[in-house]
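Chains, contacts and geometry: an overview
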Amino acid sequence: MTQALFASWAEVEEKRVPGRYELLRGRVVRSPVLGYPDTWVAQRLARLIGNFVTGRRLGESFDGRARYELPSGDTVSPDYSYVSQLRYRSAPRPAPGKGMSMVPELVVEILSVESAGRDRGEKKDIYEQNGVQELWLIHPHAREMTVHHLSGKTYDPGLRLRESQSYSSHLLQDLEFTVGFLLP
């Protein structure tokens, strides 16, 4: 399925069967609507990243309703994301209700029973292939976060952080927080 065909299909299907739909390697994948604790973590991400990015006028941040049409042909809706001012302004202006043709610099995925394997595997590979610079995988039940940084064209093995540990973003300089801030 192409991105254009997927966009038209998803516009109708999301009204019929609620959920988030993505196009991964040509397959349509449905994720359920976020529940607790994912919504709690997403709200904390909005507070942490959204306020940081807005206050410094660094770019735009988006929740899981954002849809990115990536150069690889995949269409993804990460749980949270950030796009720099430069990248956002240089991308084609998205049509209302349509996906954005750009690659976010930061992607955050909140791992759940349904999504953990896909987020750690297929989606991580898609983000790497498309040049997402920093990937956070937050696992609320394990009370940890794994961070991957793009080095050249591949992700590093990842830095695993427990809830009591602090993290300083490589991408969003001066953004420092304790992982537990993001967890209920």
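Before any of the text, the structure's been laid out above.
Here's a quick rundown of the structure. Keep in mind that what you see is a predicted model, and the values were worked out from it rather than measured.

**As for the pattern of salt bridges**
Considering all chains together, one arrives at 14 salt bridges under this definition. Here D74 and R25 are joined by a salt bridge, their closest N and O atoms 3.5 Å apart. Separated by 49 residues along the polypeptide, D74 in the loop between strand 4 (68-69) and strand 5 (75-76) and R25 in the loop between strand 1 (20-24) and strand 2 (27-31) bring together distant segments of the chain. Put simply, R87 and E105 hold a salt bridge, and the shortest N to O gap is 3.4 Å.

**A look at helix 2 (residues 38-56)**
Given a rise of 1.5 Å per residue, 19 residues ought to cover 27 Å, and the 27 Å separating the end C-alpha atoms of helix 2 matches this to within 8%. Residues of helix 2 that are buried include every one of D38, V41, A42, R44, L45, L48, I49, G50, F52 and V53, and no others. Of the surrounding elements, those touching the buried residues of helix 2 are strand 3 (59-63), strand 6 (80-84), strand 7 (106-110), strand 8 (134-139) and strand 13 (176-178). Following helix 2 by one or two positions, R57 adopts a phi angle in the positive range, close to 50°.

**Remarks on the nonpolar core**
In this structure, L45, I49, W136 and M145 are the most contacted members of the largest nonpolar core, which totals 24 residues. When contributions to this core are tallied by element, the ones reaching two or more residues are helix 2, strand 6, strand 7, strand 8 and strand 9 (144-151). Here the element with the most residues in this core is helix 2; it accounts for seven residues. Setting aside its immediate chain neighbours within four residues, I49 contacts S61, Y80, L106, V108, W136 and L172. Counting residues in each nonpolar core, the second largest holds 21 residues, with M102, V103, L111 and V132 among its members.

**Quick look at the pairing of strand 7**
For strand 7, the buried fraction is high: five of the five residues fall into the buried class. Of the two faces of strand 7, both are covered, the one formed by L106, V108 and I110 as well as the one formed by V107 and E109. Judged from the three bridges that link them, strand 6 and strand 7 form a sheet pairing that is antiparallel. When the sheet's bridge partners are listed, S81 is paired in strand 7 with V107. Bridge analysis of strand 7 against strand 8 gives five bridges, and the strand direction is parallel. Each residue of the ladder has a partner; that of E109, found in strand 8, is L137.

**Here's the deal with the packing of aromatic side chains**
Given two aromatic rings, one states the distance between the centres and the angle between the planes to describe the pair. What the rule picks out here adds up to seven aromatic pairs. Ring plane angle 85° and centroid distance 5.2 Å describe the contact between W9 and Y21, whose orientation is recorded as edge-to-face. Placement of W9 in helix 1 (residues 3-16) and of Y21 in strand 1 is noted, with a sequence separation of twelve residues between them. Ring geometry for F62 and Y88: centres 6.2 Å apart, planes at 35°, overall tilted. Of this pair, F62 sits in strand 3 while Y88 is found in helix 3 (residues 85-90), placing the two residues 26 residues apart along the sequence. Ring pairing ties together the aromatic residues F6, W9 and Y21, which thus form one cluster. The positively charged end of R44 is found above the aromatic ring belonging to F181, 4.4 Å away from the centroid.

Scoring rules and cut-offs
Here the residue numbers are simple positions, counted from 1 along each chain's written sequence. Side-chain atom pairs in this predicted model are given and counted only at pLDDT of 80 or more, local residue features only at pLDDT of at least 70, and totals for whole chains, interfaces and linings cover all residues. Each side-chain value is worked out from all heavy atoms of the structure, with water and hydrogens disregarded. For this document, the term salt bridge refers to a Lys or Arg side-chain nitrogen within 4 Å of an Asp or Glu carboxyl oxygen. The way it works is that DSSP assigns letters per residue, a run of H or I at least four long becomes a helix, a run of E at least two long becomes a strand, and they are numbered from the N terminus. Take the residue count of a helix, subtract one, and multiply by 1.5 Å to get its expected span. Throughout this description, buried means an accessible area under 20% of the type-specific maximum (1.4 Å probe, protein chains only), exposed means over 50%, and partly exposed covers the range between. Any two residues having at least one pair of non-hydrogen atoms within 4.5 Å are treated as being in contact. As used in this record, nonpolar core signifies buried Ala, Val, Leu, Ile, Met, Phe, Trp, Tyr and Cys residues forming a set joined through side-chain atoms within 4.5 Å. Paired strands are those between which DSSP finds at least two bridges. Working definition: a ring pair exists when centres of Phe, Tyr or Trp rings (six-membered ring for Trp) sit within 6.5 Å. Plane angles under 30 degrees give stacked, over 60 give edge-to-face, the rest tilted. Comment: the charge-over-ring label is applied if NZ (Lys) or CZ (Arg) is within 6 Å of the ring centre and within 35 degrees of the ring normal.

These results come straight from atomic positions and should not be treated as a statement about function.
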